[in-house]
Amino acid sequence: MTGGIGRQIRAMLVLPFIRQNLKSFIQKEHHAKIERLAEHLASAAVVPVIERTVGLPGVPEAIRDLEAGRVRGKIAVSVPNQN
């Protein structure tokens, strides 16, 4: 319902009740940059490095590997389709 600003709205609502000083901002989208990135991905000029793909049961081990520095690329999590 609130789009991408839901977290900021909730933060502003709890602000009077906490000691932290919270700031919020809304970033303006730069469509030209996103389109340029999409072009690079489509032409394979930029290729994401995916070290491995894991299912949900493999997530804890993958996080341990990330924390230990044993991952050289990204780890993709495959979530089964629930249709």
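For the structure itself, consult the block above.
Quick caveat, the model's predicted, so the values are computed rather than measured.

Some thoughts on the overall build of the chain
If you tally the helices and strands in the chain, you get three helices and two strands. Starting at the N terminus and walking to the C terminus, you meet the elements of the chain as α-α-β-α-β. Scaling as 2.2 N^0.38, a compact globule of 83 residues should have a C-alpha radius of gyration of about 12 Å, whereas the chain reaches 19 Å, well beyond that. Viewed in the frame of its principal axes, the chain has a C-alpha envelope of about 45 × 35 × 35 Å. Out of the 83 residues in the chain, the part that is buried amounts to 8%.

As for a nonpolar patch on the surface
Together, Ile-5, Ile-9, Leu-13, Val-14, Phe-17 and Ile-18 make up a nonpolar patch on the protein surface, roughly 560 Å² of accessible area in all. Mapped onto the elements of the fold, Ile-5 is located in the segment before helix H1 (6-14).

Some remarks on the side chain of Asp-65
The residue Asp-65 is located in helix H3 (residues 59-68) in this model. Apart from the residues lying within four places of it in its own chain, the contact partners of Asp-65 are Arg-52, Arg-70 and Val-71.

A short note on the pattern of salt bridges
Evaluation of the coordinates by the stated rule reveals three salt bridges. One salt bridge in this structure joins Asp-65 and Arg-52, with 2.5 Å as the shortest N-O distance. One end of the pair, Asp-65, is in helix H3; the other, Arg-52, is in strand E1 (residues 50-55), with 13 residues separating them in the sequence. Residue classification places Asp-65 among the buried positions, given a relative accessible area of 11%. Note on Arg-52: relative accessible area 25%, which makes it partly exposed.

So, the pairing of strand E2 (residues 74-78)
For E1 and E2, the ladder comprises five bridges, and the chain directions are parallel. The residue of E2 that forms the bridge with Arg-52 is Ile-75. Viewed along the sheet, the connection from E1 through H3 into E2 turns out right-handed.

Some points on unusual backbone geometry
In this structure, Ala-44 is a non-glycine residue whose phi angle is positive, near 65°. Counting through the fold element by element, Ala-44 comes out in the loop between helix H2 (31-42) and E1.

About the criteria used
Residues numbered from 1 in each chain as written. Predicted model: local features only at pLDDT ≥ 70, side-chain atom pairs only at ≥ 80, totals over all residues. Heavy atoms only, no water. Helix = DSSP H or I, 4+ residues; strand = E, 2+ residues; numbered from the N terminus. Rg over C-alpha atoms; globule rule 2.2 N^0.38 Å. Buried < 20%, exposed > 50% of the residue type's maximum accessible area, 1.4 Å probe, protein only. Patch = residues over 30% accessible without salt bridge, like charges linked within 9 Å, V, L, I, M, F, W, Y side chains within 5 Å. Areas by Shrake-Rupley, 256 points an atom, 1.4 Å probe, with all protein chains shown as cover. Salt bridge = Lys/Arg side-chain N within 4 Å of Asp/Glu carboxyl O. Contact = heavy atoms within 4.5 Å. Pairing = 2+ DSSP bridges. Right-handed = clockwise from strand over helix to strand, strands pointing away.

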